[in-house]
Amino acid sequence: MDDLEKFVSIPWKDTATIETVITQKIPKLLASDQAYQNARRCSDPENVRVEGELAIKRAISAILADYIELFQQFTQNSQFREWLTSVVLRLIDGERSN
């Protein structure tokens, strides 16, 4: 079984986004994680795995923090909510007219 197929039965609300996060966003964040990169250069495979797990936790926390901040701004900042609503509706209207 392919690694990506192992969790295909999980009923994700947005499977495509989750797949993109797993296959693109998290690896990109790990590529810039200094502790993980240092472990890859200087450590044995066991330590690389441990640091990799920690780096993945940091990456997922960073991704979650972005969405939490977006949610907080949308619910608590009326100017941001008005701006976001205008931008998104303008984008949708632009798609509809194409």
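Cut-off values and rules
- Residues numbered from 1 in each chain as written.
- Predicted model: local features only at pLDDT ≥ 70, side-chain atom pairs only at ≥ 80, totals over all residues.
- Heavy atoms only, no water.
- Buried < 20%, exposed > 50% of the residue type's maximum accessible area, 1.4 Å probe, protein only.
- Helix = DSSP H or I, 4+ residues; strand = E, 2+ residues; numbered from the N terminus.
- Arc of directions from axis to C-beta.
- Contact = heavy atoms within 4.5 Å.
- Polar contact = N/O pair within 3.5 Å; in protein donor to acceptor, adjacent residues only side chain to side chain.
- Patch = residues over 30% accessible without salt bridge, like charges linked within 9 Å, V, L, I, M, F, W, Y side chains within 5 Å.
- Areas by Shrake-Rupley, 256 points an atom, 1.4 Å probe, with all protein chains shown as cover.
- Salt bridge = Lys/Arg side-chain N within 4 Å of Asp/Glu carboxyl O.
- Axes fitted to C-alpha atoms, helices over the stretch in contact; angles between N-to-C directions.
- Parallel < 35°, antiparallel > 145°, perpendicular 65-115°, else oblique.
- Nonpolar A, V, L, I, M, F, W, Y, C, P; charged D, E, K, R; others polar.

A. Highlighting helix α2 (residues 34-42). Every buried residue of α2 is accounted for by Tyr36, Gln37 and Ala39. Taken down its axis, α2 places every buried residue within 160 degrees of arc, on the same side. For α2, exposure combined with an orientation more than 90 degrees from the buried face picks out Gln34, Arg41 and Cys42. Along its buried surface, α2 packs onto α1 (15-31) and α3 (45-76). Where α2 begins, the side chain of Asp33 points an oxygen toward the backbone nitrogen of Ala35, at a separation of 3.2 Å.

B. Seen up close, a nonpolar patch on the surface. Taken together, the side chains of Phe7, Ile10 and Trp12 present a nonpolar region at the surface, about 290 Å² in accessible area. By secondary structure assignment, the location of Phe7 is in the segment before α1.

C. View of the packing of α1 against α3. Taken N-terminus to C-terminus, the directions of α1 and α3 make an angle of 110 degrees; their axes are 9 Å apart at the nearest point. With respect to each other, α1 and α3 are oriented roughly perpendicular. Between α1 and α3, the residues in contact are Val21, Lys25, Ile26, Leu29 and Leu30 and Gly52, Ala55, Ile56, Ala59, Ile60, Ile63 and Asp66, respectively. Across the contact of α1 with α3, the residue classes tally to nine nonpolar, one polar and two charged.

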